[in-house]
Amino acid sequence: MPPMRSHHPIATGNCAVTRGASVSDDLSLLTMGPNCRRLLPGIERAKFWRQEQDGTVAFSANGVDPIVTFAVADGDGYESYAPAAPLLSLAATGDFRD
């Protein structure tokens, strides 16, 4: 999967995230860029990307308990809904640099 970027639409900043190797059918490793903490403190602990059957994506430290959860957005990408704030967007990019 290409690198993704997470963006807080109000605060300035981006954060590179990369979905890595599959651990199980719905769980993959996750690499967070160094700037991610500025968007959502604690998100830098995320080590796993869980793709749910309903299309949502959750980032977690342990593969189970989500730190942030995204739903498919209108158009391309995803928008966070949990936690409710800050609102983050997630979109694929091939050449984003953190």
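Note: the structure precedes this text.
Definitions and cut-offs
Throughout this description, residue numbers start from 1 for each chain and increase along the sequence as written. Residue-level local features of this predicted model are given only where pLDDT is at least 70; pairs of side-chain atoms are given and counted only at 80 or more, and the full residue set underlies all totals for whole chains, interfaces and linings. The side-chain values count all of the structure's non-hydrogen atoms but skip hydrogen atoms and water molecules. Where helices and strands are cited, they refer to DSSP runs of H or I of at least four residues and of E of at least two residues respectively, numbered from the N terminus. The disulfide definition used here is simple: a pair of cysteine sulfur atoms within 2.5 Å. Only protein chains enter the calculation, and the probe is 1.4 Å; a residue is then buried if its accessible area is under 20% of its type maximum, exposed if over 50%, and partly exposed in between. Each Phe, Tyr or Trp ring, with Trp reduced to its six-membered ring, pairs with another whose centre is within 6.5 Å; inter-plane angles below 30 degrees give stacked pairs, above 60 give edge-to-face pairs, and intermediate values give tilted ones.

1. Examining the environment of Leu-39
Then, in step 1: The residue Leu-39 is located in helix 1 (residues 36-39) in this model.
Then, in step 2: In the structure, Leu-39 is positioned 25 residues away from Asn-14 in sequence and 7.6 Å away in space, judged by C-alpha atoms.

2. Looking at the state of the cysteines
Then, in step 1: Using the criterion set out here, one finds one disulfide in the structure.
Then, in step 2: At a sulfur-sulfur separation of 1.8 Å, the disulfide partner of Cys-15 is Cys-36. Between Cys-15 and Cys-36, the S-S torsion sits near 80°, and that sign places the bridge as right-handed. Taken together, the residues Cys-15 in strand 2 (residues 14-22) and Cys-36 in helix 1 connect sequence positions 21 residues apart. Residue Cys-15 shares its accessibility class with Cys-36, and that shared class is buried.

3. Topic: unusual backbone geometry
Then, in step 1: The amide bond that connects Ala-82 to the next residue, Pro-83, takes the cis arrangement and shows omega of 0°.
Then, in step 2: Locating Pro-83 in the fold gives a position in the loop between strand 7 (78-82) and strand 8 (89-92).
Then, in step 3: Put simply, Ala-85 and Pro-86 share a cis peptide bond, and its omega is 0°.
Then, in step 4: In this fold, Pro-86 is placed in the loop between strand 7 and strand 8.

4. Comments concerning the packing of aromatic side chains
Then, in step 1: Considering all chains together, one arrives at two aromatic pairs under this definition.
Then, in step 2: With 5.2 Å between their ring centres and 55° between their planes, Phe-59 and Phe-70 make a pair best called tilted. Placement of Phe-59 in strand 5 (residues 57-60) and of Phe-70 in strand 6 (residues 66-72) is noted, with a sequence separation of eleven residues between them.
Then, in step 3: Put simply, the rings of Trp-49, Phe-59 and Phe-70 touch in pairs and so form one group of aromatic residues.

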